[in-house]
Amino acid sequence: MKKDFNKNRSNFNQPLLKTPFYEMIASEMTQGYWDDWAGYKAASIVQDQELEYFAIRSTASVFDISPLIKYRIKGKDAENFLNKLTVRNVSLQKINTVQYTMWCDDNGSVLDDGTLFKFDVDDFRICCQERNLPWLIDTSLGFDVKIIEETEDIAGLSIQGPTSASVLIKAGYNLIEKLKPFEMIETQDKLLISRTGFTGDLGYEIFLPNKLAKITWDKIWKAGENLGIKAIGLNALNIARIETGFIIANSDFITSEHALRNNRIRNPDEIGMSWMVDMTKPYFNGKNALIKIRDKNESKFVFAALEIDGKEPADGAIIYYNKKQEVGIITAATWSPTAKKSIALASLKLPYGDEIQSNLWVEIYVLRELEYYKMMKKVIIVKAPFVKLKRRNITPPLSK
Amino acid sequence: MQEVLMKSFDVIVVGAGHNGLAASIKLAKTGRKVLLLETSSEPGGLAASKEVFNGFKTATLPHIINQLSSKAIRELDLLKYGLETKNYSIPTICIDHSGRYIQLSGNYGSEIEGISSLDQKNWINLKKRLTYQSSLLKRFIYDSPINKDNNKLLQKLKFLKAGIDLRLKGREEFQEFFRMILMCVADVLEEEINNDLLKGLLSFDATLGINLGPRSPTSLMGLLYKLSGEVNGEQSSQIFPKGGIEKLVDTFYKSAIGSGVKIIFDQEVKNLIIENNKIQGVKTINGKEYRANKVLSSVSPIKTFFEFIGHKKLDTGVLRELKSLRYKGNVSKLNLALDQKPVSSFLDNQCLNSRIVYAPSINHVEKKFNPSKYKELPEDPCFEILFPSIIDDDLAPNKITTASIIIQNTPYDLKAGWEKSKEILYNSILTRLDSLFPGLKKSIIASQFLSPVDIESQFNVPGGHWHHSELQIDRLYSLRPIFKYSNYKTSIKNLYICGAGTHPGGGISGNPGINAANQIIVDEK
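Keep in mind that what you see is a predicted model, and the values were worked out from it rather than measured.

Q: Which residues make up the overall build of chain B, and what values do they have?
A: The helix and strand tally for chain B stands at 16 helices and 19 strands. Relative to the 2.2 N^0.38 estimate, which gives 24 Å for 525 residues, the radius of gyration of chain B is 22 Å and therefore close to what a compact globule would have. Its C-alpha atoms put chain B at 65 × 60 × 45 Å along the principal axes. Taken over 525 residues, chain B has a buried fraction of 63%. For chain B, the exposed area adds up to about 20400 Å²; of that, 51% sits on carbon and sulfur atoms.

Q: Can you lay out the overall build of chain A for me, pointing to particular residues and giving the numbers?
A: When helices and strands are tallied, chain A shows 9 helices and 19 strands. Radius of gyration (C-alpha) of chain A: 22 Å, near the 21 Å computed for a compact globule of 400 residues. C-alpha extents for chain A along the principal axes are approximately 60 × 55 × 55 Å. Taken over 400 residues, chain A has a buried fraction of 52%. Element-wise, carbon and sulfur atoms account for 51% of the exposed surface of chain A, whose accessible area totals about 19000 Å². Counting 54 positive and 51 negative side-chain charges, chain A places the centres of these two groups 2 Å from one another.

Q: Could you give an account of the packing of helix H6 (residues 185-192) of chain B against helix H7 (residues 196-207) of chain B, naming the residues involved and the relevant values?
A: Residue and element names in this part refer to chain B. Orientation of H6 relative to H7, taken along the N-to-C sense of each, is 155°, at an axis distance of 10 Å. In terms of axis orientation, H6 runs roughly antiparallel to H7. Both H6 and H7 take part in a crossing whose hand is right-handed. Seen from H6, the contacting residues are Val185, Leu189 and Glu190; seen from H7, they are Lys199, Leu202, Ser203 and Ala206. Broken down by class, the residue content of the contact of H6 with H7 amounts to 4 nonpolar, 1 polar and 2 charged.

Q: Any chance you could break down the confidence of the model for chain B for me, citing the residues and the numbers?
A: Per-residue confidence for chain B averages 93 on the pLDDT scale, and 99% of its residues sit at or above 70. Reported confidences for the modelled complex are a pTM of 0.89 and an ipTM of 0.86.

Q: Talk me through the sheet that holds strand E11 (residues 192-194) of chain A; I want residue IDs and the actual numbers.
A: Residue and element names in this part refer to chain A. Pairing is mixed across the open sheet formed by 6 strands, whose spatial order is E10-E11-E12-E9-E3-E13. What marks the edges here is a single partner per strand, and that holds for strand E10 (184-186) and strand E13 (229-231). The sheet shows a mean angle of 20° between the axes of neighbouring strands, taken without regard to direction. Sheet analysis places E11 next to strand E12 (residues 203-209), joined by 3 bridges and oriented antiparallel. What sits directly across from Leu192, in E12, is Phe207. Running at roughly 135° to E13, helix H3 (residues 49-58) makes contact with strand E3 (60-64), strand E9 (154-160) and E13 of the sheet. Sitting on the sheet, helix H7 (residues 213-223) touches E3, E9, E12 and E13, and the angle it makes with E13 is about 140°.

Q: I'd love a proper account of the nonpolar core, names of residues and values included.
A: Residues and elements named next belong to chain B. One finds Ile102, Trp123, Leu126, Leu130, Leu198, Leu220 and Leu223 to be the most contacted residues of the largest nonpolar core, which totals 42 residues. Elements with a minimum of two residues in this core: strand E6 (101-105), helix H3 (117-138), helix H4 (153-168), helix H5 (171-180), H6, H7, helix H8 (220-228) and helix H12 (362-373). Apart from residues no more than four positions distant in its own chain, Leu130 is found in contact with Trp123, Met180, Leu220, Leu223, Leu224 and Leu227. Core analysis: the second largest hydrophobic core is formed by 40 residues, Val13, Ala59, Ile73 and Leu78 among them.

Q: Hey, could you go over empty space enclosed by the protein for me, with residue numbers and the actual values?
A: All names here are of chain B. On inspection of all chains with the given rule, the structure shows 5 cavities of 30 Å³ or more. In this structure, the largest cavity encloses a volume near 170 Å³. For the lining of the largest cavity, the secondary-structure elements that each account for two or more residues are strand E3 (49-53), strand E4 (56-59), helix H9 (244-258), strand E14 (332-338) and strand E17 (401-407). A total of 4 residues in the lining of the largest cavity trace back to one element, the largest contributor, which is E14. In terms of residue class, the lining of the largest cavity is built from 12 nonpolar, 6 polar and 2 charged.

Q: Describe the side chain of Ser372 of chain B, listing the residues and the values that go with them.
A: Residue and element names in this part refer to chain B. Note on placement: Ser372 falls in helix H12. A residue is classified by how much of its surface remains accessible, and Ser372, at 11% relative accessible area, is buried. Of the polar contacts made by the side chain of Ser372, one reaches the backbone oxygen of Phe369; its length is 2.6 Å.

Q: Please set out the sheet that holds E14 of chain B residue by residue, giving values where relevant.
A: Residue and element names in this part refer to chain B. One open sheet accounts for 8 strands, arranged E7-E6-E5-E15-E16-E17-E14-E18; its pairing is mixed. Each end of this open sheet is capped by a strand with a single partner; those strands are strand E7 (111-113) and strand E18 (444-450). The mean angle between the axes of side-by-side strands here comes to 20°, regardless of whether they run parallel or antiparallel.

Q: So what's going on with the interface of chain B and chain A? Which residues, and what values?
A: Opposite the 14 residues of chain B that make contact, chain A presents 17 residues. Interface area, chain B with chain A, both sides summed: about 1300 Å², of which 43% is carbon and sulfur. Along the contact surface separating chain B from chain A lie 4 salt bridges. As a salt-bridge pair, Lys312 of chain B and Asp77 of chain A come within 3.9 Å of each other at their nearest N and O atoms. For the pair chain B and chain A, the number of links is 11 residue pairs in polar contact (both at pLDDT 80 or more). Here the residues of the side of chain B that touches chain A sort into 3 nonpolar, 4 polar and 7 charged.

Q: Please provide a residue-by-residue account of the packing of aromatic side chains, values included.
A: Aromatic ring pairs are defined here through the distance separating the ring centres and the angle between the ring planes. Tallied over the entire structure, the rule returns 21 aromatic pairs over all chains. Centroid distance Phe387 of chain B to Phe437 of chain B: 5.6 Å. Interplanar angle 85°. Geometry classified as edge-to-face. Of this pair, Phe387 of chain B sits in the loop between strand E16 (383-386) and helix H13 (388-391) while Phe437 of chain B sits in the loop between helix H14 (418-436) and E18, and the two are 50 residues apart along the sequence. Exposure remark for Phe437 of chain B: the relative accessible area of 1% places this residue in the buried category. Among the aromatic residues, those joined into a cluster by ring pairs are Phe21, Trp217 and Trp221 of chain A. The ring of Phe119 of chain A is capped by Arg72 of chain A, whose NZ or CZ atom sits 4.0 Å from the centre of that ring. Lying over the aromatic face of Tyr132 of chain B, Lys169 of chain B brings its terminal NZ or CZ to 4.5 Å of the ring centre.

Q: Which residues make up a positive patch on the surface, and what values go with them?
A: Side chains of Lys292 and Lys296 of chain A together with Lys148 and Lys484 of chain B sit close together on the surface and give a patch of like positive charge. One can find Lys484 of chain B in the loop between helix H15 (452-459) and strand E19 (495-497). Here Lys484 of chain B falls in the partly exposed class, since its relative accessible area comes to 35%.

What counts as what
- As a convention, each chain's residues are numbered from 1 in the sequence order in which they are written.
- Think of it this way: whatever chain is written first is A, whatever ligand is written first is 1, and the rest follow in order.
- In view of the model being predicted, local features appear only for residues whose pLDDT reaches at least 70, and side-chain atom pairs are presented and counted only at 80 or more, with totals across whole chains, interfaces and linings using the full set of residues.
- The side-chain quantities take in all heavy atoms of the structure and omit both hydrogens and water.
- The helix and strand labels rest on DSSP assignments: H or I over at least four residues marks a helix, E over at least two residues marks a strand, and numbering proceeds from the N terminus.
- This radius of gyration counts C-alpha atoms alone. The globule rule is 2.2 Å times how many residues there are, raised to the power 0.38.
- Between buried and exposed lies partly exposed: a residue is buried under 20% and exposed over 50% of the maximum accessible area for its type, with that area taken using a 1.4 Å probe on protein chains only.
- Every accessible area reported is derived by Shrake-Rupley at a probe size of 1.4 Å, with residue values counting cover from the shown protein chains alone.
- The sign given to each residue is positive for Lys and Arg and negative for Asp and Glu; His and the chain ends receive no count.
- To locate a charge, take atom NZ for lysine, CZ for arginine, CG for aspartate or CD for glutamate.
- To define axes, lines are fitted to C-alpha atoms, for helices over the stretch in contact only, and angles between the resulting N-to-C directions are given on a 0 to 180 degree scale.
- Here the angle decides the label: under 35 degrees means roughly parallel, over 145 means roughly antiparallel, 65 to 115 means roughly perpendicular, and every other value means oblique.
- Handedness of each helix crossing follows the sense of rotation of the near helix against the far helix: counterclockwise by less than a right angle gives left-handed, clockwise gives right-handed.
- Residue contacts are counted whenever heavy atoms from the two residues lie within 4.5 Å of one another.
- Put simply, Ala, Val, Leu, Ile, Met, Phe, Trp, Tyr, Cys and Pro go in the nonpolar bin, Asp, Glu, Lys and Arg in the charged bin, and everything else, Gly too, in the polar bin.
- pLDDT expresses how confident the predictor is about each individual residue, on a scale running from 0 to 100.
- Criterion used throughout: strands pair if DSSP finds at least two bridges between them.
- In these notes, a set of buried Ala, Val, Leu, Ile, Met, Phe, Trp, Tyr and Cys residues joined through side-chain atoms within 4.5 Å is what counts as a nonpolar core.
- Of the grid points, spaced at 1 Å and generated over the protein atoms alone, those admitting a 1.4 Å probe that cannot get out make up cavities, while open sets with protein on both sides within 12 Å along at least five of seven lines make up pockets; any residue with an atom within 4 Å of a point is treated as lining.
- Grid points are joined across faces, edges and corners, and a volume is the space filled by probe spheres set on the points.
- Between N or O atoms, a polar contact is any pair within 3.5 Å; within protein, one atom must be a potential hydrogen donor and the other a potential acceptor, and residues adjacent in sequence are included only when both atoms are from side chains.
- When two parts are put together, the accessible area they lose, computed with a 1.4 Å probe and summed over both, is reported as buried area.
- Any carboxyl oxygen of Asp or Glu that lies within 4 Å of a side-chain nitrogen of Lys or Arg is treated as forming a salt bridge with it.
- Each Phe, Tyr or Trp ring, with Trp reduced to its six-membered ring, pairs with another whose centre is within 6.5 Å; inter-plane angles below 30 degrees give stacked pairs, above 60 give edge-to-face pairs, and intermediate values give tilted ones.
- We count a charge as sitting over a ring when the NZ of a lysine or the CZ of an arginine lies within 6 Å of the ring centre and within 35 degrees of the ring normal.
- Two joining distances apply to patches: 9 Å for like charges and 5 Å for nonpolar side chains (Val, Leu, Ile, Met, Phe, Trp, Tyr), and every residue must have over 30% relative accessible area and no salt bridge.

If you want it as structure tokens, here you go:
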């Protein structure tokens with residue numbers, strides 16, 4: 001027993017864990033760019049970052065999302081519990097749909113964001129970035145619910161791109177044709193397919209028991225042969241998600257349990273998520289703090305989408321007002337191949353980015369053959385997404 | 001059927017324990033209309049009188065006071081309603097199994113019989129130092145503790161001033177304070193005192209009512225807390241008020257009535273009515289609704305938050321903190337009625353007017369504490385015994401002698417369960433008592449044993465803890481009951497808390513009630 005425990009759990013001196021799709025992705029891999037995603041090996045590049053990006057936007061991409069943290073919430077009080085936990089109204093969410101949501105601590109600071117799958121009024125799944133089990137358990141006190149950690153039992157695959165629907169239909173999952181965005185369906189062979197994704201494109205996510213991983217992969221891979229299917233890594237996905245304006249916890253903002261410094265934590269309003277907070281709900285964790293924050297205008301930051309002059313990506317660059325005063329930082333940036341612009345997501349100190357939107361600059365350092373070029377580039381604040389695709393929302397997906 | 005009573009009150013106070021009464025008096029005296037709701041049919045809470053035998057009622061739990069300050073007595077008009085404490089100080093005797101004893105008289109041992117003159121001198125010096133140290137803590141007893149919500153400069157300066165005063169006392173006193181403050185009481189005593197009985201007594205008094213042994217770090221704090229008390233201006237005194245605790249509670253009650261508080265008994269609150277995070281009133285178990293803009297709960301924080309509000313409506317962070325409160329009591333109470341006055345083979349009759357403590361040595365107290373860590377009962381536990389009817393003849397019917405015994409280290413969540421253990425503990429105590437007072441066992445005509453579990457059910461205190469929750473260094477001042485709520489305010493608008501679970505804690509002092517009432521008055525200004 002003890003040996004097993006050591007083998008599986010002391011991952012600080014062990015190689016990263018392998019997802020059920022590891023072998024399949026590894027066989028596609030040409031150079032071996034692996035990254036650590038929640039303790040799992042996740043490909044940052046499978047073969048070629050640009051080609052992988054264009055698979056997302058032009059054909060079909062396959063991305064392994066098994067490392068997502070997954071919790072199953074079951075029980076009589078599941079809906080009430082989730083209404084306490086999350087800022088959105090779970091009672092208004094339709095059965096067999098997915099909603100993007102987040103949850104806050106007592107001070108109204110964001111603990112994590114994630115997607116909530118509603119199978120029934122008493123059966124849900126949360127997929128998120130961080131481990132949240134202790135918080136979920138403590139929040140569930142007094143509720144009749146069971147919280148099941150199923151991260152290691154459920155694998156996930158994301159199929160995104162214009163031909164993704166065709167691939168799935170060809171693979172035999174005809175039911176997906178009816179799926180509107182954020183709807184989900186369970187197939188006969190126990191696959192959960194939802195029309196969701198992190199790319200802003202037409203796409204689907206499949207959650208399945210580990211043991212079905214190989215057979216499902218093979219089926220999809222075969223179906224995609226002539227539809228340009230391509231395994232992709234985190235880097236290509238990152239470009240697509242920035243184009244859509246999606247944020248990542250502990251990348252675009254620091255979650256309140258991770259922040260070491262008091263001024264790093266963010267409330268939903270400060271990361272552009274005020275639309276999500278349902279103040280008409282009688283109660284949710286952090287509501288009273290958020291009421292106070294809004295009443296007293298205590299928010300100090302604003303989250304913004306930026307277009308930057310030139311073509312140099314501005315990762316981590318400082319944002320200046322009038323080229324002098326530091327007013328913010330770029331949290332994610334890329335050259336957008338689809339929008340053909342240098343784009344970025346950024347956190348700015350109020351009132352910059354809100355009342356003051358002009359005369360903002362970023363300082364970019366570019367290394368070219370062992371010499372730095374320092375440039376001040378003008379930025380303009382725009383509305384995300386940078387890339388808006390009609391096919392993302394059309395149902396059935398193959399209609400014109 | 002639901003009955004809704006209109007908002008004719010300014011404040012509803014829940015729980016007519018002495019703190020609930022104190023807060024009500026204080027608020028009513030400012031002209032506020034106060035409604036006080038009590039579950040039982042008697043005022044007093046843990047100090048309430050209940051029937052012990054055959055229609056004879058007495059205060060069943062506490063038997064002496066050492067915390068009722070002259071400030072509280074004045075502010076609550078207790079003298080006007082018949083409180084008599086002057087000249088009712090009682091001595092303490094500490095005895096061991098062989099009958100050796102010491103007697104402390106005056107204010108906690110200004111004079112001690114039965115110890116060497118060297119020890120006498122040592123104790124006077126140590127007591128002086130401890131009293132000074134406790135006086136530093138005492139400065140903060142009447143304050144609403146500092147927290148995020150309550151951090152006025154003036155209050156912070158008070159800490160600075162205490163620090164400066166301490167430093168001005170000289171380098172030695174300054175260093176000793178910081179050296180000693182977190183020490184265990186055993187180490188301090190072993191440095192200074194030789195007499196085992198004195199060390200045993202001080203160990204007992206430092207740890208009575210909390211889950212610490214004399215060798216547990218920070219246990220000295222318990223002794224400082226005890227010494228910080230004053231009754232009617234007399235520092236560290238120990239008083240059996242005229243008429244006993246029942247009379248004392250009666251003065252609280254009469255003062256409340258006199259100041260216009262409306263008290264309704266037999267009204268068990270089921271839950272608080274909260275709308276939009278604002279308190280609206282309370283609902284009783286028989287469906288009655290009482291409405292007011294403010295509610296002050298003097299019951300245990302565990303009950304207030306987990307029962308009256310419920311886990312579902314509390315933010316998870318607060319829930320986590322409240323969940324960590326240690327609220328399981330470890331003190332039991334035995335009340336006896338005897339058909340004849342006890343006679344001791346070691347003590348003369350005069351001594352029966354004292355509080356008699358059985359705590360032969362530090363090691364004895366520590367050893368009796370050890371089993372409680374493993375949820376077991378000690379054999380031959382430490383206890384204190386008082387004969388109320390001997391101290392005050394008016395207190396019992398003809399020729400009957402009453403005995404009041406407080407037993408230490410009897411954990412709430414006994415592994416073997418209380419059903420089976422009660423008799424074992426009872427016999428163990430009586431065997432010891434019979435050896436100290438031969439024939440006492442035979443003279444028993446009635447007895448009442450209250451384990452922490454009984455106290456929980458009879459007095460509506462979760463865990464049966466006399467202080468509502470552990471009174472230890474991690475739960476004092478700003479941290480009592482939790483940091484966020486330490487200034488008697490809660491995250492629910494206009495819901496306030498007081499009672500032993502709040503600063504400055506248990507003991508019959510009235511301070512939590514008075515402080516909370518003051519907070520309400522300040523907030524309304």
